[in-house]
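Chain by chain, the residues run as shown.
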Protein chains: 2
Amino acid sequence: MGKIITISREFGSGGREIGKRLADALSFAYYDKEIINMVAEKSGFAHEYIEKYSESAASRQYPIHIAGTFMTPVQMPSEKLQITQSQILKELSETGDCVIIGRRADYILETKNPFKVFIYASHMDDRVERCFAKDPASKGKSHKEMEKNILSVDKQRAKYYNYYTSHTWGKMHNYNLCIDTSAVEIKTAVEIIITAIRG
Amino acid sequence: MGKIITISREFGSGGREIGKRLADALSFAYYDKEIINMVAEKSGFAHEYIEKYSESAASRQYPIHIAGTFMTPVQMPSEKLQITQSQILKELSETGDCVIIGRRADYILETKNPFKVFIYASHMDDRVERCFAKDPASKGKSHKEMEKNILSVDKQRAKYYNYYTSHTWGKMHNYNLCIDTSAVEIKTAVEIIITAIRG
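Residues numbered from 1 in each chain as written. Chains lettered and ligands numbered in written order. Predicted model: local features only at pLDDT ≥ 70, side-chain atom pairs only at ≥ 80, totals over all residues. Heavy atoms only, no water.

Draft legend 1. Inspection of the overall build of chain A at higher detail. Check the secondary structure of chain A and you find eight helices and five strands. The burial tally for chain A puts 51% of its 199 residues in the buried class. Contacts in chain A between residues at least 24 apart in sequence constitute 71% of all its contacts with a sequence separation of at least 6. Here chain A has roughly 9,500 Å² of accessible surface; of this, 52% comes from carbon and sulfur atoms. (Helix = DSSP H or I, 4+ residues; strand = E, 2+ residues; numbered from the N terminus. Buried < 20%, exposed > 50% of the residue type's maximum accessible area, 1.4 Å probe, protein only. Contact = heavy atoms within 4.5 Å. Areas by Shrake-Rupley, 256 points an atom, 1.4 Å probe, with all protein chains shown as cover.)

What follows is the structure, given as structure tokens:
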């Protein structure tokens, strides 16, 4: 079994970029949006559906208690998506060293002793700036609108994570290393993680 | 003005050892219990009193509202101690590069842009083990008693920090780097911080 590094991240904190650069530097496999295609192939769900709900809580789509039906949570489409995604993450983790972005991989692969990283930015302005720079289509948005969007994505991620795990998203003790990209540059964050896992 | 690294830490997480080794490796000044002597000299308070209350909240000793007296918070001995300690930390930070352990230095020196580290251990057993190893006099204690003691020190530190600052002790966003010594060895934690501040 290879080494697994999981990267959880606040939206706009640069976590995805850190994960990609880290995988390149270490010659590890990198799994982020790649997982969407794999889930689509295995589950038969549409690519767009998976992209939308692979990190969103089922509770946003269906109430847990559906009066007058016999539907159990496991029969809900989003629950099936999560089960398929979990199976794929477990299979991928068996194939060798890898970096996995989000998708509660830190929790799903807990028994495989992953090195769990959380990337955040202590200054909201840094996240807003990064989001504007990454998405040229967002130019029409105001600073306030972008901030609202960022917080909304974080809220979805937290809701998803907390719903499907017994942990709390973004709680320090769930992770082995938490890096603030308002104080640490992306390239330095990569070096820090490499230092950490080489021991 | 030199570079300031502040180390906040859970009790038994190895934070003090990391701070000392870090200061040695970087040839930075190291301030921990040294501060107690400086406060004693400046304030006239007894060494033991300062040791006991330099990281404890005044609210544990005196209520804020003391009926029937004209005593204001600033006149309370522990408040005077905190003011003296803050002055000393500010003076020390002017003298050159340094590592400071606890004493809400991250908050007091915020305008001087310190690099703020938080050391924790995700597994309580690691903290218990470290405390037993560090204090031979504790051998008579049970595992449960040691755990209770550890949580009590953490609680005091949090109460002290939250009382004298507008922040929350141990909240990720107050720090630039948070390291889990249940997953990262002490020597590696030192290397990680050096990597972080060299950028």
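Draft legend 2. Spatial organisation of the interface of chain B and chain A. Taken residue by residue, the interface counts 24 residues in chain B and 24 residues in chain A. Of the roughly 1,900 Å² buried between chain B and chain A, counting both surfaces, carbon and sulfur atoms make up 64%. Applying the counting criterion to the chain B and chain A interface returns nine residue pairs in polar contact (both at pLDDT 80 or more). Residue assignment for the side of chain B that touches chain A shows that the elements contributing at least two residues are β4 (115–120), β5 (177–180) and α8 (186–198) of chain B. At six residues, the largest contribution of residues to the side of chain B that touches chain A is made by α8 of chain B. (Buried area = accessible area lost by both parts, 1.4 Å probe. Polar contact = N/O pair within 3.5 Å; in protein donor to acceptor, adjacent residues only side chain to side chain.)

Draft legend 3. Main features of the sheet that holds strand β4 (residues 115–120) of chain A. An order of β2(A)-β3(A)-β1(A)-β4(A)-β5(A)-β5(B)-β4(B)-β1(B)-β3(B)-β2(B) is seen for the 10 strands of this open sheet, with the pairing classed as mixed. Of all strands in the sheet, those with a lone pairing partner are β2 (29–31) of chain A together with β2 (29–31) of chain B, marking the two edges. Here the average twist between neighbouring strands, direction ignored, is 20°. Here three bridges tie β2 of chain A to strand β3 (residues 98–101) of chain A, and the two strands are oriented parallel to one another. Within β3 of chain A, the residue paired with Tyr31 of chain A across the bridge is Ile100 of chain A. Of the strands in this sheet, β1 (4–9), β4 and β5 (177–180) of chain A together with β5 of chain B touch helix α8 (residues 186–198) of chain A, which is tilted by about 165° from β5 of chain A. (Pairing = 2+ DSSP bridges. Axes fitted to C-alpha atoms, helices over the stretch in contact; angles between N-to-C directions.)

Draft legend 4. Spotlight on the pairing of strand β3 (residues 98–101) of chain B. Residue and element names in this part refer to chain B. Burial along β3 is two-sided: Cys98 and Ile100 facing one way and Val99 and Ile101 facing the other are all buried. Relative to β3, strand β1 (residues 4–9) runs parallel, the two sharing four bridges. Directly across from Ile5, in β3, lies its bridge partner Val99.

Draft legend 5. Summary view of the confidence of the model for chain A. Residues and elements named next belong to chain A. In the predicted model, chain A carries a mean pLDDT of 89, and the fraction of residues at 70 or more is 89%. A low-confidence stretch, residues 59–75 stays under pLDDT 50, and its non-local contacts, those more than four residues away or across chains, total 21 contacts. Both confidence scores are given for the complex: pTM 0.90, ipTM 0.90. (pLDDT = per-residue confidence, 0-100.)

Draft legend 6. Spatial organisation of the relation of the copies chain B and chain A. Between the two copies, chain B and chain A, the superposition gives an RMSD of 0.0 Å; the rotation angle is 180° and the shift along the axis is 0.0 Å. Here the symmetry operator amounts to a two-fold rotation axis. When the interface residues of chain B are mapped onto chain A, 100% of them are again interface residues, pointing to one common binding face. (Least-squares fit on C-alpha atoms with pLDDT ≥ 70 in both.)

Draft legend 7. Layout of the pattern of salt bridges. Residue and element names in this part refer to chain A. On inspection of all chains with the given rule, the structure shows 22 salt bridges over all chains. Notably, a salt bridge pairs Asp24 with Lys20, separated by 3.0 Å at the nearest N-O pair. A residue pair is termed a helical-turn pair when its members lie 3 or 4 positions apart in one helix, as Asp24 and Lys20 do in helix α1 (residues 15–26) at four residues. Here Glu94 and Lys112 are joined by a salt bridge, their closest N and O atoms 2.2 Å apart. Taken as a pair, Glu94 in the loop between α4 (77–93) and β3 and Lys112 in the loop between α5 (105–108) and β4 lie far apart in primary sequence, 18 residues in all. (Salt bridge = Lys/Arg side-chain N within 4 Å of Asp/Glu carboxyl O.)

Draft legend 8. Fine view of unusual backbone geometry. Residues and elements named next belong to chain A. With a phi angle near 55°, Asn113 is a residue other than glycine that sits in the positive phi range. Mapping Asn113 onto the fold places it in the loop between α5 and β4. Judged by its relative accessible area of 58%, Asn113 is exposed.

Draft legend 9. Main features of the packing of helix α1 (residues 15–26) of chain B against α8 of chain B. Residue and element names in this part refer to chain B. Two numbers describe how α1 lies on α8: the axes approach to 9 Å, and their chain directions differ by 55°. Between α1 and α8, the crossing angle belongs to the class labelled oblique. Note that α1 runs across α8; the crossing there is right-handed. Residues Glu17, Ile18, Arg21, Leu22, Ala25 and Leu26 of α1 lie in contact with α8, whose contacting residues are Ile186, Lys187, Ala189, Val190, Ile193, Ile194, Ile197 and Arg198. Residue classes in the contact of α1 with α8 are distributed as 10 nonpolar, no polar and four charged. (Parallel < 35°, antiparallel > 145°, perpendicular 65-115°, else oblique. Left-handed = near helix turned anticlockwise from the far one by under 90°. Nonpolar A, V, L, I, M, F, W, Y, C, P; charged D, E, K, R; others polar.)

Draft legend 10. Quick look at helix α6 (residues 124–134) of chain B. Residue and element names in this part refer to chain B. Residues Met124, Arg127, Val128, Arg130 and Cys131 constitute the buried set of α6. Projected down its long axis, α6 shows its buried positions confined to an angular sector of 165°, all on one face. For α6, the exposed residues lying more than 90 degrees away from the buried face are Glu129 and Ala133. Where α6 is buried, its residues meet α1, α7 (143–164) and α8. (Arc of directions from axis to C-beta.)

Draft legend 11. Structural context of helix α6 (residues 124–134) of chain A. Along α6 of chain A, the positions that sit buried rather than exposed are Met124, Arg127, Val128 and Cys131 of chain A. At its buried positions, α6 of chain A is contacted by α7 (143–164) of chain A.

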